[in-house]
Amino acid sequence: MAAFGASSHTTPEEYLRLERASPSKHEYLDGDVVAIAGASREHTLITGNLSWRLNERLADRDCEVYASEVRVRLAKANSYVYPDIAVVCGDRQSEDEVFDTLLNPTVVIEVLSPSTARYDRVEKFAAYRALPSIQAIVLVAQDMVGIDWFTRRGDAWAIERVAELDGTLRLEPLGCDVAVADIYRRVDLPGQATEGEREAAEGGSA
């Protein structure tokens, strides 16, 4: 995508045109274009585990779950981003007839990578909060058991955190819970037993 480097300030229209023709993904933050690096094994497992559980929990609801591939337009922040997971309930609003840019996610989830954690927690988080449709923002650590989630309460945000495998992620706007152990299934983390060790322990205690 050498064309992205041709200008120090890319317009939203130019970004969208180039992005739709690009074999790789980029995010757009108020004129700055950022390439999205490949995901680690841990990142991929967590995203897959969580999206699968959400699809299961929301199977009978008017909700759709998108993992990594759908852009979200954050108009007030003049940005286009790719949440690791986006959930929309009710009518799905798209920017145009291409239907690849979502305007009204209900919940967005980011799996934090060491190289992007600050960006996800600061610039991207602020942009998410400015979108009225978003009712919850979830940040999931991939190198430890740690999930922070923020639920909109009028003009304020309620903050909750879980740091134990036996905890629960409560997604109030979706009316569903997800066990933390399911989110981190098969993810080997420092200080935690591996999946094989946990299964052996469970089998031995039966």
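For the structure, see preceding data.
Below is a summary of the structure that appears in this document. Values in this document were obtained by computation on a predicted structure and should not be read as measured data.

1. Quick notes on the layout of surface pockets
Argument step 1. Roughly 460 Å³ of volume is contained in the largest pocket.
Argument step 2. As for the largest pocket, its lining consists of 24 residues, and the residues nearest its centre are I36, A37, H43, D84 and T116.
Argument step 3. Only β2 (32–35), β8 (107–112) and α3 (117–121) provide two or more residues apiece to the lining of the largest pocket.
Argument step 4. Taken together, the residues that form the lining of the largest pocket break down as nine nonpolar, eight polar and seven charged.

2. Considerations on the sheet that holds strand β3 (residues 63–67)
Argument step 1. Spatial ordering of the open sheet is given by β3-β6-β8-β9-β10-β11, a layout of six strands whose pairing is mixed. The two strands at the open ends of the sheet, each matched to only one other strand, are β3 and β11 (156–162). Averaged over all adjacent pairs, the angle separating strand axes in this sheet is 15 degrees, with direction ignored.
Argument step 2. When β8 meets strand β9 (residues 136–141), the two strands line up parallel, connected through six bridges. In the sheet register, V108 faces β9, and the bridge partner there is I137.

3. Points about the nonpolar core
Argument step 1. Membership of the largest hydrophobic core comes to 30 residues, with the highest contact counts inside it found for L54, V140, I147 and Y184.
Argument step 2. Not counting chain neighbours up to four residues away, the residues in contact with V140 comprise I46, L50, I109, E110, V111, L112, G146, I147, I183 and Y184.
Argument step 3. Counting 22 residues, the second-largest nonpolar core is a separate cluster that includes L74, A86, V88 and F125.

4. Topic: the sheet that holds strand β7 (residues 101–102)
Argument step 1. Spatially, the five strands line up as an open sheet ordered β2-β1-β5-β4-β7, and their pairing is mixed. Taken across any chain shown, the strands that pair with only one partner, and hence form the sheet edges, are β2 and β7.
Argument step 2. In terms of strand pairing, strand β4 (residues 71–74) meets strand β5 (residues 79–81) through three bridges, oriented antiparallel. Bridge assignment links R73 to a residue of β5, and that residue is Y80.
Argument step 3. Packed onto the sheet, helix α1 (residues 12–21) meets β1 (26–29), β2, β4, β5 and β7 and runs at close to 175 degrees relative to β1.

5. Some words on the environment of H26
Argument step 1. Along the chain, the position of H26 falls in strand β1.
Argument step 2. Residue H26 is classed as buried on the basis of its relative accessible area, which comes to 7%.
Argument step 3. Placed 54 residues apart in sequence, H26 and Y80 show a C-alpha to C-alpha distance of 8.8 Å.

6. Describing α1
Argument step 1. Inspection of α1 places P12, Y15, L16, L18 and E19 among the buried residues, and these make up the whole buried set.
Argument step 2. Packing partners of the buried residues in α1 comprise β1, β2, β4, β5 and β7.

7. Topic: the pattern of salt bridges
Argument step 1. As enumerated under the stated definition, the model contains 16 salt bridges in all.
Argument step 2. A salt bridge links R118 to E123, with the shortest nitrogen-to-oxygen separation between them at 3.1 Å.
Argument step 3. Here R118 falls in the exposed class, since its relative accessible area comes to 57%.
Argument step 4. Overall, E123 belongs to the partly exposed group, its relative accessible area being 32%.
Argument step 5. One salt bridge connects D148 with R161, and the closest N-O pair in it is separated by 2.8 Å. Within this pair, whereas D148 is found in strand β10 (residues 147–153), its partner R161 is found in strand β11, the two being separated by 13 residues in sequence.
Argument step 6. Accessibility expressed as a relative area gives 10% for D148, which makes it buried.

Calculation criteria
- Residues numbered from 1 in each chain as written.
- Predicted model: local features only at pLDDT ≥ 70, side-chain atom pairs only at ≥ 80, totals over all residues.
- Heavy atoms only, no water.
- 1 Å grid on protein atoms, 1.4 Å probe; cavity = no way out; pocket = protein on both sides within 12 Å on 5 of 7 lines; lining within 4 Å.
- Points joined across faces, edges and corners; volume = space filled by probe spheres on them.
- Helix = DSSP H or I, 4+ residues; strand = E, 2+ residues; numbered from the N terminus.
- Nonpolar A, V, L, I, M, F, W, Y, C, P; charged D, E, K, R; others polar.
- Pairing = 2+ DSSP bridges.
- Axes fitted to C-alpha atoms, helices over the stretch in contact; angles between N-to-C directions.
- Core = buried A, V, L, I, M, F, W, Y, C linked by side-chain atoms within 4.5 Å.
- Buried < 20%, exposed > 50% of the residue type's maximum accessible area, 1.4 Å probe, protein only.
- Contact = heavy atoms within 4.5 Å.
- Salt bridge = Lys/Arg side-chain N within 4 Å of Asp/Glu carboxyl O.

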